[in-house]
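Spelled out from the first residue to the last, the chains are:
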Amino acid sequence: MSNERLRSALLARGMTVQSLAEAIMVNPKTVERWITQGKVPYRRHQYATAAALKVDVTTLWEDGRTVDSATDLTKAEIATVYPHRHTVPSGLWRELYGRAERNLDVLVYSGLFLSEDPLFHDVVKAKVEAGAQVRILLGDPACAAVRQRGIDEGHQIMDGKIRNALLLYRPLMRSHPNIDFRLHDSTLYNSIYRADDEMLVNPHVYGIGAYLAPVLHLRHLPGGGLFNTYADSIDHTWKNARPITDQDIDSITGA
C-alpha cells in the first residue's frame, strides 16, 4: 500500500523524492519505496523526514514505532557520525552553510581550514547579504585556554593558527561589517559549526588534533535535547566573547 500522506507532504513542501533524499542523506530509491510500497523507515529517518517536511511524524506514519520519547528524539537528531574530521566529505561544510537561511555560526579556536576556503567566504558573504545572522567565534590567541589546547594537541602553535585565520578573514571583516566576529577565552570541548537546524560537532580529544577527532552531524528535532545542548553552548560563549576591532586585527596580525 502506498503512503499517500508522505506523497502529499512532499508536494505541499515543493520537494521531490531526490531533494528529500539529499536532505536526510538516504538513497532516493529508499524514499521511493516509502511512498510507492508503504515501507516504514527506521525511526531516525521518520523523524528526519518529518523535520524536513515540517510536519508531525505521526502525520506520516502510525506504525507504533514513532514513540515521542526524549531519548528516541535525541537519538534521531544524530544524522551521521564520522570517525575523524578529515573523513567528512570536503563539500559538506559549504553545503551545510549553503542551506542556512537564518543562522550561520562557527565556534572554534582557529578553524583554519574554513578560513582558507575562498568558497566558504563566498557562502558567508551571500548569507549575510540575504539577511542571515552570521557569527564567527575564534579563540583569543593570547589567552590561557588557547595555549593549553596547543599543549594538549602536542604543539604550541595554536595561537599562530588563529592569527593566520584572522589574516585570512580580514578582507571579509572589512568588506562585510555585518558579519559578527568575536574573540573568546573559553575552554572549548567541541568545535561547533551551525547552520539553522543543522550542525557539525567536532569533539576535542586530548592528545590529538581536531582533524583526527570524530564529527557528529546533527539535525534539530522538536523535543530532542542534543542539538539544543550544543546550540546553547554557542550562545553562552558568544555572550562572554568580545568583538574584534580593526585595532585588534592590526595588533594581532602585526599590521
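It should be noted that the structure appears before, not after, this text.
To keep things clear, this report deals only with the structure shown in the data block.

About the thresholds
What you see as residue numbers is a count from 1 along each chain, following the sequence as written. Note on the predicted model: pLDDT of at least 70 is required for a residue's local features to be given, and 80 or more for side-chain atom pairs to be given and counted; whole-chain, interface and lining totals, by contrast, use all residues. Side-chain calculation: all heavy atoms of the structure are included, whereas hydrogens and water are not. Helix and strand labels come from DSSP, where a helix needs a run of H or I of at least four residues and a strand needs a run of E of at least two; each type is numbered from the N terminus. C-alpha atoms define the radius of gyration in this analysis, and the globule rule sets the expected value at 2.2 Å times the number of residues to the power 0.38. Accessibility here uses a 1.4 Å probe with only protein chains present; expressed as a share of the type maximum, an area under 20% marks a residue as buried, one over 50% as exposed, and anything in between as partly exposed. When checking whether two residues touch, look at their non-hydrogen atoms; a contact exists if any pair is within 4.5 Å. All accessible-area figures derive from a Shrake-Rupley calculation using a 1.4 Å probe, and residue coverage is judged against the displayed protein chains alone. Charge counting follows a simple rule: Lys and Arg are positive, Asp and Glu are negative, and His as well as the terminal groups are ignored. Where a charge sits is defined by one atom per residue type, namely NZ (Lys), CZ (Arg), CG (Asp) or CD (Glu). In this scheme Phe, Tyr and Trp rings, the latter by its six-membered ring, pair at centre separations within 6.5 Å, and the angle between planes marks the pair as stacked below 30 degrees, edge-to-face above 60, and tilted otherwise. Whether a charge sits over a ring comes down to the Lys NZ or Arg CZ being within 6 Å of the ring centre and within 35 degrees of the ring normal. Pairing between strands is defined by DSSP: at least two bridges between them are needed.

1. Overview of the overall build of the protein
Along the backbone of the protein there are 13 helices and 8 strands. In terms of overall dimensions, the protein is globule-like: its C-alpha atoms have a radius of gyration of 20 Å, near the 18 Å expected for 255 residues. With the principal axes as the frame, the protein shows a C-alpha extent of 70 × 40 × 30 Å. Relative to its 255 residues, the protein shows a buried fraction of 48%. Long-range contacts, defined as pairs at least 24 residues apart, comprise 70% of the intrachain contacts of the protein with a sequence gap of at least 6. For the protein, the exposed surface amounts to about 12,300 Å²; the carbon and sulfur share of it is 52%. In the protein, 29 positive and 30 negative side-chain charges are present, and the distance between their average locations comes to 4 Å.

2. Description of the packing of aromatic side chains
For the coordinates displayed, the defined rule picks out 6 aromatic pairs. With a centroid separation of 6.0 Å and an interplanar angle of 65 degrees, the aromatic rings of Phe113 and Tyr193 are classed as edge-to-face. One end of the pair, Phe113, is in helix 8 (residues 112-115); the other, Tyr193, is in strand 5 (residues 190-195), and 80 residues separate them in sequence. Both rings, one in Tyr169 and one in Phe181, keep their centres 5.1 Å apart while their planes meet at 55 degrees; by these two values the pair is tilted. Placement of the pair is Tyr169 in helix 11 (residues 158-175) and Phe181 in strand 4 (residues 180-184), with a sequence separation of 12 residues. There is no split in this pair, since Tyr169 and Phe181 are both buried. Above the ring of Trp238, the side-chain terminus of Arg135 is found at 5.3 Å from the ring centroid.

3. Overview of the sheet that holds strand 3 (residues 133-139)
The 8 strands are arranged 1-7-6-5-2-3-4-8 in an open sheet whose pairing can be described as mixed. Strand pairing shows two members of the sheet lacking a second neighbour, strand 1 (78-82) and strand 8 (242-243), which therefore form its edges. One ladder, built from 6 bridges, connects strand 5 with strand 6 (residues 198-203); its direction is antiparallel. The partner of Ala195 across the bridge, within strand 6, is Glu198.

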